[in-house]
Amino acid sequence: DACSDAGIGLGFYYSQMQDWYEQGGAHLPWMTEKQPRSFDKYFDEKVVPQVTELLTEYGDIKTVWFDTPGGMTKAQSQKLVDLTRSLQPKAMINSRIGNGVGDFKTLGDHSLSQVNHPGLWETIDTTNNSWGYAWYDKNWKPGIEIIHHLTSTVARGGNYMINIGPKGNGEVPEMAAKGLRRAGQWLAQYGETIYGAQGSPWGRAQAWGDITVKGNKLYLHVFDWPEDGIINLSGLGNNIVSTTLLNDEKQTITTAKHQNGWTTVQLPLAKPKGLVPVIALELDGKPSVD
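Undergrad: When you look at the overall build of the protein chain in this model, what are you seeing that I'm missing?
TA: Broken down by element type, the protein chain carries five helices and 13 strands. For the protein chain, the residues scored as buried account for 43% of the 290 residues in total. Sequence-distant contacts in the protein chain: of pairs separated by 6 or more residues, those separated by 24 or more amount to 62%. When the accessible surface of the protein chain is totalled, it reaches about 15600 Å², and 51% of it is carbon and sulfur. Measuring between centres, the 26 positive side-chain charges of the protein chain sit 2 Å from its 31 negative side-chain charges.

Undergrad: Please explain the environment of P268 as it appears in this structure.
TA: Of note, P268 is situated in the loop between β12 (262-266) and β13 (278-283). Taking the C-alpha atoms as reference points, P268 and E227, 41 residues apart in sequence, are found 9.8 Å from one another.

Undergrad: Just to check I follow, could you spell out the sheet that holds strand β8 (residues 217-222) for this structure?
TA: Whenever strands of a sheet pair, they do so through backbone hydrogen bonds, lying parallel or antiparallel. With respect to topology, four strands assemble into an open sheet ordered β7-β8-β13-β10, the strand pairing being antiparallel. Each of the sheet's edge strands pairs with one partner strand only, and the pair in question is β7 (209-214) and β10 (240-245). The sheet shows a mean angle of 20° between the axes of neighbouring strands, direction not considered. Where β10 meets β13, five bridges bridge the pair, whose relative direction is antiparallel. Bridging from a neighbouring strand, T244 pairs with A280 of β13. Sitting on the sheet, helix α4 (residues 143-155) is in contact with β7 and β8, with an inclination near 55° to β7.

Undergrad: Explain a nonpolar patch on the surface here, please?
TA: Together, Y133, W135 and Y136 make up a nonpolar patch on the protein surface, roughly 440 Å² of accessible area in all. Here W135 falls in the exposed class, since its relative accessible area comes to 62%.

Undergrad: Would you explain the packing of helix α2 (residues 39-56) against helix α3 (residues 74-87) in this entry?
TA: In a packed pair of helices, the relevant descriptors are the angle between the two axes and the axis-to-axis distance. Direction vectors running N to C along α2 and α3 enclose 20°, while the axes themselves pass 10 Å from each other. By the angle between their directions, the pair α2 and α3 is classed as roughly parallel. By crossing handedness, the relation of α2 to α3 is classed as right-handed. Facing F39, D40, F43, D44, V47, V48, V51, T52, L55 and T56 of α2, the residues of α3 in contact are Q76, K79, L80, L83, T84 and L87.

Undergrad: Help me understand the packing of α4 against helix α5 (residues 174-190) in this model?
TA: Look at α4 against α5: their axes get within 7 Å of each other, and the N-to-C directions meet at 60°. With respect to α5, the axis of α4 lies oblique. Note on packing geometry: the crossing formed by α4 with α5 is right-handed. Counting all contacts with α4, which are made through G143, I146, I147, L150 and T151, the residues of α5 involved are G179, L180, R182, A183, W186 and L187.

Undergrad: Just checking my understanding: could you explain the side chain of T84 for this structure?
TA: Tracing the backbone through its elements, the reader meets T84 in helix α3. On the accessibility criterion, T84 (0% relative accessible area) is buried. Beyond its immediate stretch of four places on either side in the chain, T84 contacts L55, V64, F66, P89, A91 and I93.

Undergrad: Quick question: what am I supposed to make of the sheet that holds β12 here?
TA: The strand order across the open sheet formed by three strands is β9-β12-β11, and the pairing between neighbours is antiparallel. Only two strands of the sheet have a single neighbouring strand rather than two, namely β9 (230-234) and β11 (254-257). Shown here is a sheet whose adjacent strand axes are inclined to one another by a mean of 20°, direction ignored. Strand direction decides the pairing type here: β9 and β12, joined by five bridges, are antiparallel. Across the sheet, residue L233 finds its bridge partner in β12, namely T263.

Undergrad: Is there a simple way to think about the pattern of salt bridges in this case?
TA: Close approach of charged atoms lets side chains of opposite charge pair. One pass over the structure, following the stated rule, counts nine salt bridges. Across the pair D109 and R96 runs a salt bridge whose closest N-O atoms are separated by 2.9 Å. Of the two residues, D109 sits in strand β4 (residues 105-109) while R96 sits in the loop between β3 (92-93) and β4, which places them 13 residues apart along the sequence. Residues joined by salt bridges that share partners form a network here, namely D67, R96 and D109.

Undergrad: Just to check I follow, could you spell out the environment of S111 for this structure?
TA: Take S111: it is sitting in the loop between β4 and β5 (121-126). You can call S111 partly exposed: its relative accessible area is 28%. Ignoring any residue separated from it by four or fewer positions in sequence, one finds S111 in contact with T123 and I124.

Undergrad: What's the story with unusual backbone geometry in this structure? I'm lost.
TA: With the exception of glycine, the majority of residues adopt a negative phi angle, and the majority of peptide bonds are in the trans configuration. Backbone geometry at T68 places phi at a positive 55°, although glycine is not the residue there. Despite not being glycine, N99 shows a phi value in the positive range, around 60°.

Quick notes on the rules
Residues numbered from 1 in each chain as written. Predicted model: local features only at pLDDT ≥ 70, side-chain atom pairs only at ≥ 80, totals over all residues. Heavy atoms only, no water. Helix = DSSP H or I, 4+ residues; strand = E, 2+ residues; numbered from the N terminus. Buried < 20%, exposed > 50% of the residue type's maximum accessible area, 1.4 Å probe, protein only. Contact = heavy atoms within 4.5 Å. Areas by Shrake-Rupley, 256 points an atom, 1.4 Å probe, with all protein chains shown as cover. Lys, Arg positive; Asp, Glu negative; His and termini not counted. Charge placed at Lys NZ, Arg CZ, Asp CG, Glu CD. Pairing = 2+ DSSP bridges. Axes fitted to C-alpha atoms, helices over the stretch in contact; angles between N-to-C directions. Patch = residues over 30% accessible without salt bridge, like charges linked within 9 Å, V, L, I, M, F, W, Y side chains within 5 Å. Salt bridge = Lys/Arg side-chain N within 4 Å of Asp/Glu carboxyl O. Parallel < 35°, antiparallel > 145°, perpendicular 65-115°, else oblique. Left-handed = near helix turned anticlockwise from the far one by under 90°.

Okay, structure coming up:
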């Protein structure tokens, strides 16, 4: 109900192989002498009923995020896909269902890609280094790091999912909340550069930051403001119609297109305020990059 009221799609995480207590799950190796039950029995008598419960007792489900397929057979992975399709036809299933039968690809934990990927995919991250609550893990990501990771993932053509390890009472740790609030404040101002944006036509990160695309606009997210105030773009075939520094629209941005295929963007020498400055370049058409 809370998700529905907030306009947020509800999804569930489910580790279909691992169970820390139940016999037959992967808490004990399946082939050890201490394992009195088979995984097949565990799968049919616990996994299938639990997934059925999750998909029938909580209204519309947008995604079932399976994890740790281990040595499951393709038939077992497909059985969970078919079950999900029958009960929640619109729910998306990630690749960690195993055996290549998911709807979209999930990269490895904390895997920030340096190159674009085809198709639907996501990277998964955490607000510190842990996936659950860990009192000893104080390596909290500040808002600027969250924005960097989010932008880089969208610029690679993917979706960014960030995990929070709540306390036992459900409370979000304050330092996690602090970083998320800072990132949220930035997104409230510059969300146009992220929401609905496409990956960079250059196909990889830039030395100074990263680029997202929406229609005929390039959004240059400058993580490291150049000391000489110059950004070079290679192989841009388009002409630039207009330039805007979103953090300070009164500032002047000039561009020059050179015969050698490079385009120069001249920025103000002083970095503007804000977590991540963004320059919007309006082009004379859909971006064309050699």
